[in-house]
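Survey of secondary and tertiary structure
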Amino acid sequence: MANGEAAAHDGHDHTPTGWRRWLYSTNHKDIGTMYIVLSMVSAVVGGLMSLLFRLELQDPGIQYISDFQFYNVLVTGHGFIMVFFVVMPAMIGGFGNWFVPLMIGAPDMAFPRMNNISFWLLAGALVLLLVAAFTQGGPGTGWTVYPPLSSIDYHPGAGVDLGILSLHLAGASSILGAINLITTILNMRAPGLTMHRMPLFVWSILVTACLLLLAIPVLAGALTMLLTDRNFGTTFFDVAGGGDPVLWQHLFWFFGHPEVYIIILPAFGIISQVVSTFSKKPVFGYLAMAYAMIAIGFIGFIVWAHHMYTIGFDVDTRAYFVSATLVIAVPTGIKIFSWLATMWGGSIDFRTPMLFAMGFIWLFVMGGVTGVALANAGMDIAFHDTYFVVAHFHYVMAIAAIYAMFSGFYYWIGKMSGRQYPRFLARVHFWTFFIGVNVLFMPQHFLGMAGMPRRIPDYPDAYAGWNYVSSIGAYITLTSTALYFYIVWKTLTSGEKVADNQWGEGATTLEWTVASPAPFHTFEDLPDMNVKEAAE
Amino acid sequence: MTKVRSRNSRTAVFLFAIAGGMVGLAFASVPLYQLFCQVTGSGGTPKVASGPPATVSANTITVRFDANVNPALAWTFRPGQKEITVKGGVPVEAVYLARNMSGVATVGTSIFNVTPFKAARYFSKIDCFCFTEQRLVPGEEATLGVQFFVDPEIFTDPNTRDVKTITLSYTFFSAPGDKDSEPAEPAKQARTPGGDKLKS
């Protein structure tokens, strides 16, 4: 990616070479690149896991996976890998590291060495998770790891313990990364670049980092409690000792709900940048967009029990969580309308990043409205733990968030590598992926409404039809993804060189003022941003 | 240190402190959660009272008694009476009978819960065998008493006016860390209704 050809070295040490460049990296671009590579590798692993169980689910009866513990481990691994090792590293570690310093005119992150630790902790966490899957049966608990299934009585092997430790490392990686990003954004903006003139992508990363800082430690505490319950005789979640499994659910979802906003907020930021660039207009309502993200982040902390409607809450408790959850739709809707208003009256350029951004807007709304349905405690009695929930979160995460990642990839790959992606193949990728993921996940709404539970390897014959369709969608998505990796390879090896600003007048943020590929060191002299112009 | 770097360090320390504070809050949630359930009666957690209430009521309510044993504990455990009709505010004594059917002396602890959950805040125990561990030698049968009353406010609260029956449920477990009792099979946790079963 960043080919390290710095335009001016003046007095600096040479760009490191060989393995030291990567293992000891303190460069935000190189670390960003490593995160993106890790994300791509993890996407293959996590995707293959889901392909295996989609193969099994294609027809009723058991065809390939008769070891149901292994089936559950696949489901669990798929969830953890996609959340912690695909989406978060790509958007926060990858695009965040690459473009936050560039967009604020900073030479690097506040703590370059801690940046390095964050990355390699995550790499270690990935290895641990994969080892856990094959250790003494592995963690067949789902990504939610509820006791008592995850307790020592029902998972006596070390798989769950290794999984807990993997999450501890990933959590530490994220907390350190969050501290780095917040400090960078608060303290290292170029002179004249006030908070209210920062690009919206930077705002999205700032809010995301704050959520990480507040939510991940709660997960860490809960994981530690589970670890000691399993191994050191504590009874946090053990009824016999006065504990309560429901406490795990509260702690997990207090982390888990902000986690999904951690996943989607950077996506919102990317979409703002892309829609603005390809409409050749600044985003409509900059302040509303920034404060909507803050509102979403804040409210996201007080809705966690909408994941727990069936545990026996009092009706008034459920009523509160229903209302608070519905409230989040308001700032989210403001963002959707603002993106549309940005496009309205703009000069739209339907390049591939814009296709994915427009796809995001529509598909995120689709996933969002099923979320509104689920927010209702009464409806959720029927929907809880069915494929309706699976369809909902895959629309917002596996479709919308991935669309934002692709949009960011196609938007920024020229800046990162200096090369143009193959335009025709990129459009083929867009359309095949669109068809694939919709064929894959739309039928799951119907399965859920018909009552098909989630996390099962086999099902009654009545569910056969839509399961077959959904599995076909999985194979189409797989083919599209294979095409995507070919596109990546083709771009890096033989794409033609791009201009510093390949997108023209619509691209107004600072990264487009440096060369493509971006030099190893940028903004060693801080740009003067003290000019009177409208906020980005 | 340059100005930016010292500002960065101070910001980082502040942010680390926040992260540390959140870990602390996670662990603080353990006693806080227990306290919350005790104060609000959430999840069927009954109250503990030191003595009878000030008011009584002529209204009556039926209290039924449920008993369960975790399979790892080789005891029988049953209520001494199926149900009692109580007047609001009047303390009543009920008994449970537990017998050790195994060949070793065992210590058991019990957890308890009340349904419907919303009635729990009006159900107060004055004395209960569940407050202490119970040790039974092989073959020993114990009569375990619980003294309780139902707060008369249950009749006037609009949320609970419809409650005619309250069920008090206990589950006995082998005391954690008890070396005497050997589980015959991997200990399976019996789930009583609800999920919030916290010992006082």
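Described in the following lines is the structure provided in the data block. (Residues numbered from 1 in each chain as written. Chains lettered and ligands numbered in written order. Predicted model: local features only at pLDDT ≥ 70, side-chain atom pairs only at ≥ 80, totals over all residues. Heavy atoms only, no water.)

Let us now look at the overall build of chain B. A count of helices and strands for chain B gives one helix and 10 strands. Reading the helices (α) and strands (β) of chain B from amino to carboxyl end gives α-β-β-β-β-β-β-β-β-β-β. Residues counted as buried form 44% of the 200 residues belonging to chain B. A separation threshold of at least 6 residues defines the contact pool for chain B, and within that pool the share at least 24 residues apart is 78%. Total accessible area computed for chain B in this model is approximately 9800 Å², and 57% of it derives from carbon and sulfur atoms. (Helix = DSSP H or I, 4+ residues; strand = E, 2+ residues; numbered from the N terminus. Buried < 20%, exposed > 50% of the residue type's maximum accessible area, 1.4 Å probe, protein only. Contact = heavy atoms within 4.5 Å. Areas by Shrake-Rupley, 256 points an atom, 1.4 Å probe, with all protein chains shown as cover.)

Their axes nearest at 9 Å, the elements helix H5 (residues 159–187) of chain A and helix H1 (residues 3–40) of chain B cross at an angle of 140°. Here H1(B) runs oblique to H5(A), going by the angle between their axes. Crossing handedness for the pair H5(A) and H1(B): right-handed. The residues of H1(B) that touch H5(A), namely those facing A:Ile175, A:Leu176, A:Ile179, A:Ile182, A:Thr183, A:Leu186 and A:Asn187, are B:Arg7, B:Asn8, B:Thr11, B:Ala12, B:Leu15, B:Phe16 and B:Ala19. Counted by class, the contact of H5(A) with H1(B) contains nine nonpolar, four polar and one charged residues. (Axes fitted to C-alpha atoms, helices over the stretch in contact; angles between N-to-C directions. Parallel < 35°, antiparallel > 145°, perpendicular 65-115°, else oblique. Left-handed = near helix turned anticlockwise from the far one by under 90°. Nonpolar A, V, L, I, M, F, W, Y, C, P; charged D, E, K, R; others polar.)

Right, let's get into the nonpolar core. With 183 residues, the main nonpolar core has A:Phe84, A:Phe85, A:Phe360 and A:Trp412 as its most contacted residues. Looking at which element gives the most residues to this core, the answer is helix H3 (residues 68–104) of chain A, with 21 residues. With 35 residues, the next largest nonpolar core counts B:Phe77, B:Val86, B:Val92 and B:Val150 among its residues. (Core = buried A, V, L, I, M, F, W, Y, C linked by side-chain atoms within 4.5 Å.)

Here we come to empty space enclosed by the protein. All names here are of chain A. What the rule picks out here adds up to five cavities of 30 Å³ or more. As a volume, the largest cavity reaches approximately 200 Å³. Lining the largest cavity we find 17 residues, and of these Tyr35, Ile92, Gly93, Ser173 and Ser174 sit closest to its centre. The set of elements that each furnish at least two residues to the lining of the largest cavity consists of H3, helix H4 (112–133) and H5. Taken together, the residues that form the lining of the largest cavity break down as 11 nonpolar, six polar and no charged. (1 Å grid on protein atoms, 1.4 Å probe; cavity = no way out; pocket = protein on both sides within 12 Å on 5 of 7 lines; lining within 4 Å. Points joined across faces, edges and corners; volume = space filled by probe spheres on them.)

This brings us to the interface of chain A and chain B. Contacts between the two partners involve 37 residues from chain A and, on the opposite side, 32 residues from chain B. Together, the buried faces of chain A and chain B total about 2900 Å²; carbon and sulfur atoms form 67% of this surface. Looking at the side of chain A facing chain B, the largest losses of area belong to A:Asn187, A:Val239 and A:Ala240, adding up to 19% of the total buried there. In this assembly, chain A and chain B are joined by zero salt bridges. If you look at where chain A meets chain B, you find four residue pairs in polar contact (both at pLDDT 80 or more). Of all elements in the fold, only H5, helix H6 (200–231) and helix H7 (245–279) of chain A reach the threshold of two or more residues within the side of chain A that touches chain B. Looking at the side of chain A that touches chain B residue by residue, the classes come out as 24 nonpolar, nine polar and four charged. (Buried area = accessible area lost by both parts, 1.4 Å probe. Salt bridge = Lys/Arg side-chain N within 4 Å of Asp/Glu carboxyl O. Polar contact = N/O pair within 3.5 Å; in protein donor to acceptor, adjacent residues only side chain to side chain.)

There is about 990 Å³ of room inside the second largest pocket. Residue lining of the second largest pocket: 37 residues in total, with A:His250, A:Phe313, B:Tyr33, B:Phe36 and B:Ser42 positioned closest to the centre. Going through the elements one at a time, H7 and helix H9 (315–343) of chain A together with H1 of chain B are the ones with two or more residues in the lining of the second largest pocket. Among the elements that line the lining of the second largest pocket, the one with the most residues is H1(B), at nine residues.

Bringing a nonpolar patch on the surface into the picture now. Together, A:Trp19, A:Leu23, A:Tyr24 and A:Trp120 make up a nonpolar patch on the protein surface, roughly 450 Å² of accessible area in all. Of note, A:Trp19 is situated in helix H1 (residues 18–23). (Patch = residues over 30% accessible without salt bridge, like charges linked within 9 Å, V, L, I, M, F, W, Y side chains within 5 Å.)

It is worth spelling out the environment of A:Gly137 at this point. Residues and elements named next belong to chain A. Mapping Gly137 onto the fold places it in the loop between H4 and H5. Given a relative accessible area of 38%, Gly137 falls into the partly exposed group. Taking the C-alpha atoms as reference points, Gly137 and Gln69, separated by 68 residues in sequence, lie 6.8 Å from one another. Ignoring any residue separated from it by four or fewer positions in sequence, one finds Gly137 in contact with Gln69 and Val73.

Our focus in this paragraph is the side chain of A:Ser39. Residue and element names in this part refer to chain A. For Ser39, the location among the structural elements is in helix H2 (residues 28–57). A relative accessible area of 4% means that Ser39 is categorised as buried. Excluding anything up to four places from it in sequence, Ser39 contacts Phe85, Val86, Pro89, Ala90 and Met405.

With that out of the way, let us pick up the sheet that holds strand E5 (residues 92–100) of chain B. Residues and elements named next belong to chain B. The strand order across the open sheet formed by five strands is E1-E7-E9-E5-E3, and the pairing between neighbours is mixed. Every interior strand has two partners, whereas the edge strands, strand E1 (47–48) and strand E3 (75–79), have only one. Of the pairings in the sheet, the one linking E5 to strand E9 (residues 141–150) comprises eight bridges and is antiparallel in character. Within E9, the position partnered with Val95 by the bridge is Gly145. (Pairing = 2+ DSSP bridges.)

Further remarks concern the packing of aromatic side chains. Counting across every chain of the model gives 65 aromatic pairs over all chains. Note on A:Phe119 and A:Trp120: the rings are 4.9 Å apart at their centroids and 80° apart in plane angle, and the pair reads as edge-to-face. Take A:Phe119: its relative accessible area is 5%, and that puts it in the buried class. Arranged with centres 5.3 Å apart and planes meeting at 50°, the rings of A:Tyr411 and A:Trp412 form a pair that is tilted. Each of the two residues, A:Tyr411 as well as A:Trp412, counts as buried. What links up through ring pairs into an aromatic cluster is the set A:Phe356, A:Tyr403, A:Phe406, A:Phe409, A:Tyr410, A:Tyr421, A:Phe430, A:Trp431, A:Phe433, A:Phe434, A:Tyr484 and A:Phe485. The side chain of B:Lys125 reaches across the aromatic face of B:Phe112, ending 3.0 Å from its centre. (Phe/Tyr/Trp six-rings, centres within 6.5 Å; stacked < 30°, edge-to-face > 60°. Lys NZ or Arg CZ within 6 Å of the ring centre and 35° of its normal.)

The subject of this paragraph is the side chain of A:Arg419. Residues and elements named next belong to chain A. Take Arg419: it is sitting in the loop between helix H12 (387–417) and helix H13 (423–449). No salt bridge is formed by the buried Arg419; its nearest oppositely charged neighbour, Glu496, is found at 7.9 Å. A polar contact of 3.2 Å, which involves the side chain of Arg419, links it to the backbone oxygen of Leu492. Of the polar contacts made by the side chain of Arg419, one reaches the backbone oxygen of Gly495; its length is 2.7 Å. What Arg419 contacts, discounting residues up to four positions off in sequence, is Ile413, Gly414, Thr491, Leu492, Thr493, Ser494, Gly495, Glu496, Lys497 and Val498. (Lys, Arg positive; Asp, Glu negative; His and termini not counted.)

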